[in-house]
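The primary structure of each chain is shown beneath.
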Amino acid sequence: MSPARLAPFPFSRPRRLRRAGWIRDLVRETRLRPEDLIWPIFVMDGVDAEEPIPSMPGVSRLTVDRCVEAARRAADLGIPCIALFPYTDASVKTPGAEEAWNPDNLVNTATRAIKRAVPGIGVLLDVALDPYNSDGHDGIVRDGVVVNDESLMALEKQALAQVEAGCDILGPSDMMDGRIGIIRRALEEHDYQDALIMSYAAKYASAFYGPFRDAVGASGALKGDKKTYQMDFGNTDEALREVALDLEEGADMVMVKPGMPYLDVCRRVKTEFQVPTFAYQVSGEYAMLAGAIGNDWLDGDKVILESLGAFRRAGCDGILTYFAPQAAELMEAAI
Ligand SMILES: NCC(=O)CCC(=O)O
């Protein structure tokens, strides 16, 4: 309804709808539930251990057995899906990133363990070479150039190894041209018709990924930047073109990344395409909030839910967030 159709003051008094909690609850336009969240988890080698990540206060890398515990915790909290990211030792990183399609690499091993122990939870795995590539890039590098079509062959092998391990959602995050089509065709050819694809469709070349690269051990490896494949932060029309291409190639869901500084992009994508739309509240966003919360500059209980609620208001169906378990606990406590 346009404001022009409201009665004039004093007959219209918008504050009437805000005067008590029950009426605010009744007329709230968007809501956040644990079911809207995907929890990203970092996997490392070893047994029954974890390792805090200094630039992400409150987040640790977990061994596979602890990832299984985390998956149980997520399921108990009503979080429907977790995303796994590997901390890969420098000794297994190569220019060809072959570890990416090792059936027994960390994320594939963790996926099998989680699907055995907590079959009801969804597992999302990134398709991109950066954790495994000695150049730190998402694709194969030849003479200083991230080559597109050769990278697609590697990404296809990685995707197949991941669905073979039991992964439910492939998240191609590499931003190579044509990768969704190549992966979708390979899935069809290998009888994986039910494998979901959530494409990182509008992924920007962002400084907000810094702590993530620490978490997966890629900070030291990255040579140069990712601006020849990830998007320029000045653009939104380009995001719509990327989303359109990924949907035409067979993506089931799309993602915008980073999240909070890109809510305008989320809104445009949702309005334009009306497909399941997700955003990633990335490591730098987490670090900003967690740092301020840790210093008592922000009220954590409030700011976590407000920051996640903003994604729902911007049209997102779900959010990948390192705050997922805390947020779900806060929501449970509020009921
Ligand atoms: N492909 C996954 C990421 O790059 C995550 C970035 C972040 O959390 O900063």
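Keep in mind that what you see is a predicted model, and the values were worked out from it rather than measured.

Describing the site of the ligand
No. 1: The environment of the ligand is made up of Asp126, Ser173, Tyr209, Phe212, Val282, Ser283 and Gly284.
No. 2: Among the residues making up the shell around the ligand, the classes are represented as three nonpolar, three polar and one charged.

Some points on the UniProt feature "binding site: Mg(2+)" (unreviewed entry) in the chain
No. 1: If you check UniProt for "binding site: Mg(2+)" (unreviewed entry), the listed places come out as Glu242 in our numbering.
No. 2: Tracing the backbone through its elements, the reader meets Glu242 in helix H7 (residues 237-249).
No. 3: When near neighbours in sequence (up to four residues on either side) are disregarded, Glu242 contacts Ala201 and Ala202.

Focus: the pairing of strand S12 (residues 318-321)
No. 1: Side chains of S12 alternate between two faces, with Gly318 and Leu320 and Ile319 and Thr321 buried alike.
No. 2: Where strand S1 (residues 37-44) lies against S12, two bridges are found, and the strand directions are parallel. Residue pairing in the sheet places Leu37 in a bridge with Ile319 of S12.
No. 3: Pairing of strand S11 (residues 277-281) with S12 involves four bridges; the strand directions are parallel. When the bridges of S12 are listed, Gln281 appears paired with Thr321.

Details of the environment of Lys302
No. 1: Summarising the element assignment, Lys302 is placed in helix H10 (residues 300-313).
No. 2: When the C-alpha atoms of Lys302 and Tyr280 are compared, they prove to be 19 Å apart, with 22 residues separating the residues in sequence.

Examining helix H9 (residues 283-294)
No. 1: Here H9 is twelve residues long and its end C-alpha atoms lie 16 Å apart, about the 16 Å a rise of 1.5 Å per residue gives.
No. 2: Restricting attention to buried positions, one finds in H9 the residues Ser283, Gly284, Glu285, Tyr286, Ala287, Leu289, Ala290 and Ile293.
No. 3: Once H9 ends, the next one or two residues include Asp296, with phi positive near 60 degrees.

Concerning the packing of H7 against helix H8 (residues 263-273)
No. 1: The contact between H7 and H8 brings their axes to 10 Å, and the two run at 45 degrees. Here H8 runs oblique to H7, going by the angle between their axes. Like other packed secondary-structure pairs, H7 and H8 cross with a definite hand, here right-handed. Of the residues in H8, those touching H7 at Ala239, Leu240, Val243 and Leu247 are Val265, Arg268, Val269, Glu272 and Phe273.
No. 2: Class assignment for the residues of the contact of H7 with H8 results in seven nonpolar, no polar and two charged.

Quick notes on the pairing of S11
No. 1: Taking burial as the measure, the five residues of S11 include five buried ones, the bulk of the element.
No. 2: A two-sided burial pattern is seen for S11, the buried positions comprising Thr277, Ala279 and Gln281 on one face and Phe278 and Tyr280 on the other.

Considerations on the UniProt feature "active site" (unreviewed entry) in the chain
No. 1: Taking the UniProt record as the reference, the feature "active site" (unreviewed entry) is found at Lys203 and Lys257. The named residues occupy 55 residues along the chain; their greatest pairwise C-alpha distance, 4.9 Å, places them in one compact cluster.
No. 2: Among the secondary structure elements, Lys203 is positioned in strand S9 (residues 196-203).
No. 3: Taking the number of C-beta atoms within 10 Å as the measure of exposure, Lys203 has 27 and is therefore buried.

Thresholds, definitions, all that
Residues numbered from 1 in each chain as written. Predicted model: local features only at pLDDT ≥ 70, side-chain atom pairs only at ≥ 80, totals over all residues. Near = placed C-beta within 6 Å. Nonpolar A, V, L, I, M, F, W, Y, C, P; charged D, E, K, R; others polar. UniProt positions renumbered as here; feature names shortened; annotations may be inferred. Helix = DSSP H or I, 4+ residues; strand = E, 2+ residues; numbered from the N terminus. Contact = placed C-beta atoms within 7 Å. Buried ≥ 20, exposed ≤ 12 C-beta atoms within 10 Å, placed from the backbone. Pairing = 2+ DSSP bridges. Expected span 1.5 Å × (residues − 1). Axes fitted to C-alpha atoms, helices over the stretch in contact; angles between N-to-C directions. Parallel < 35°, antiparallel > 145°, perpendicular 65-115°, else oblique. Left-handed = near helix turned anticlockwise from the far one by under 90°.

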